[in-house]
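# Secondary and tertiary structure notes
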Amino acid sequence: MVMPTVISTFAGCGGSSLGYKLAGFKELLAVEWEQNAVDTFHLNFPEVPVYHGDIAKLTGNECMKLAGIEKGMLDVLDGSPPCQGFSTAGKRRFDDPRNSLFREYARLLSELQPKVFVMENVTGMIKGCMKQAYLQIIKTLRECGYKAKGEVMNAMYFNVPQSRERVIIIGVREDLGIEPSHPKPQGKPITVRKALEGCIDTGKALTPEAAKYFDRMKPGETASKYHPKGHLFGLVKLHPDYPSPTLTRTAGASKPVHWEEKRFIGIKERARFASFPDSFQWSGKWTDIYNLQGNSVPPNLMKAIAEHIKVNILEARA
């Protein structure tokens, strides 16, 4: 059987790419501009060509030439445009320039005309004043010739030991005559304790300030509960019997600590919370790796989405 194909835009370190690979897809091209992400991607996917540059400068024709395809041939166009402008953790300005990158994704979608597209973003894009932006995004994607449907999915129900909600928009080209749909939850959440079984990793020792609150914090609590001004919200003591909270891209904003040992969670442990295998290689300083992990789509979440698309859309059409 011929392997279904995918092009990954805003590929990052390869979280989505690994998910598609596990689902039996062949990646024809990855698009990414950040150097450290590209270096990490090359380490883990040496067989996949990478367009290392600004997506705004990548034409549809060049994209198809690099991937070795013609218009309409690609099975899936994947993309997770940078979403900080929609995040509830930010100022959520409607005109944030980071919110316009989805238009570059939509431009390539229109020019490539793949059978299916997948677009991931934060749940902040469907809350409050950002609802109008979300509706505009859906409208733009549909105008490219697709039936599109968005749904909030939590990675912890798809074999990812991390509570991480994201909006997943799936679109199907209109001529295929198939309604877009999303996978159903696949099981109970994996606990932190279970996820870290056999993991040999030692995170950095707590800072003096963090150490002051460690003994007072109960598993699952943040230091902000005990800080006189409510600061240190990101300093959370993990609960061993629940999934990890959402990993963020900024090391200063997300500081999970071990529930028993007075230390921060290490890089390999964070990778497990994101469902990356121990064999996955990381490039850069620990702060760079924190950013890569916090930005990435959990591979097991994308694996579930890719398998669903493969069976319920691509094979259903065959």
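Reference entry: report on the structure contained in this document. Being a predicted model, the structure only gives us computed values, none of them experimental.

Rules and cut-offs
Residues numbered from 1 in each chain as written. Predicted model: local features only at pLDDT ≥ 70, side-chain atom pairs only at ≥ 80, totals over all residues. Heavy atoms only, no water. Helix = DSSP H or I, 4+ residues; strand = E, 2+ residues; numbered from the N terminus. Rg over C-alpha atoms; globule rule 2.2 N^0.38 Å. Contact = heavy atoms within 4.5 Å. Areas by Shrake-Rupley, 256 points an atom, 1.4 Å probe, with all protein chains shown as cover. Pairing = 2+ DSSP bridges. Axes fitted to C-alpha atoms, helices over the stretch in contact; angles between N-to-C directions. Buried < 20%, exposed > 50% of the residue type's maximum accessible area, 1.4 Å probe, protein only. Salt bridge = Lys/Arg side-chain N within 4 Å of Asp/Glu carboxyl O. Polar contact = N/O pair within 3.5 Å; in protein donor to acceptor, adjacent residues only side chain to side chain. Phe/Tyr/Trp six-rings, centres within 6.5 Å; stacked < 30°, edge-to-face > 60°. Lys NZ or Arg CZ within 6 Å of the ring centre and 35° of its normal. Core = buried A, V, L, I, M, F, W, Y, C linked by side-chain atoms within 4.5 Å.

### A look at the overall build of the protein
Each helix and strand counted, the protein has 10 helices and nine strands in total. Its C-alpha atoms give the protein a radius of gyration of 20 Å, near enough to 20 Å, the size a compact globule of 318 residues would have. On the principal axes, the C-alpha backbone points of the protein span a range of 60 × 40 × 35 Å. Long-range pairs, those at least 24 residues apart, make up 67% of the contacts in the protein with a sequence separation of at least 6. If you sum the accessible surface of the protein, you get close to 14600 Å²; carbon and sulfur atoms cover 53% of it.

### Examining the sheet that holds strand β5 (residues 116-122)
Taken in spatial order, the seven strands make up an open sheet running β3-β2-β1-β4-β5-β7-β6, and their pairing is mixed. The open sheet has two edge strands with one neighbour each: β3 (50-52) and β6 (146-154). Averaged over neighbouring strand pairs, the angle between their axes works out to 15° when direction is ignored. Two strands pair when backbone bridges link them, and β5 and strand β7 (residues 165-173) are joined in this way by seven bridges, in the antiparallel orientation. If you follow N121 over to β7, its bridge partner there is V167. Strand contacts of helix α3 (residues 60-67): β1 (5-9), β2 (26-32) and β3, with the helix running at about 135° to β2, the strand carrying the most contacts.

### So, the environment of F25
By secondary structure assignment, the location of F25 is in the loop between α1 (15-22) and β2. With 271 residues separating them along the chain, F25 and S296 place their C-alpha atoms 19 Å apart. Among all residues touching F25, those that are not within four sequence positions of it are M3, P4, T5, V6, Y20, V76, A306, K310 and L314.

### Overview of the pairing of β7
Judged by how many residues are buried, β7 sits mostly within the fold: eight of nine residues are covered. For β6 and β7, the ladder comprises nine bridges, and the chain directions are antiparallel. Note that in β7 the partner of K147 across the bridge is V172.

### Comments concerning the pattern of salt bridges
The full count for this structure, using the stated rule, is 17 salt bridges. One salt bridge connects E143 with K139, and the closest N-O pair in it is separated by 2.6 Å. Between E269 and R263 there is a salt bridge; the shortest N-O distance is 2.9 Å. The burial state of E269 is the same as that of R263; both residues are buried. By sharing partners, the salt bridges in this structure join E104, R107 and E111 into a single network.

### Topic: the side chain of S275
Mapped onto the secondary structure, S275 falls in the loop between α8 (267-273) and α9 (286-295). Overall, S275 belongs to the buried group, its relative accessible area being 11%. One polar contact links the side chain of S275 to the main-chain amide nitrogen of N300, over a distance of 3.1 Å. Here S275 is in contact with N159, V160, P298, P299 and N300, once residues within four sequence places are set aside.

### Section: the packing of aromatic side chains
Per the counting criterion, the structure on display carries nine aromatic pairs. Three or more aromatic residues joined by ring pairs make a cluster, and in this case those are F41, F45, F276, F280 and W282. The ring of F214 has K237 lying over it, and the distance from NZ or CZ to the ring centre is 4.0 Å. Cation over ring: R270 sits above Y290, and NZ or CZ is 3.8 Å from the ring centre.

### Section: the side chain of Q162
As for its position among the elements, Q162 is in the loop between β6 and β7. A residue is classified by how much of its surface remains accessible, and Q162, at 1% relative accessible area, is buried. Polar contacts involving the side chain of Q162 include one to the main-chain carbonyl oxygen of F273, which spans 3.1 Å.

### Points about the nonpolar core
Counting 32 residues, the largest nonpolar core has I7, L112, F117, M119, L141 and I169 as the members making the most contacts within it. Only β2, α3, α4 (101-112), β5, α5 (131-142), β6 and β7 provide two or more residues apiece to this core. For this core, the element with the most residues is α4, which contributes six residues. Those residues in contact with M119 that sit more than four places away from it in its chain are G79, P81, F102, Y105, I137, L141, V167, I168 and I169. Ranked by size, the runner-up nonpolar core spans 25 residues in total, among them Y20, F158, I170 and L314.

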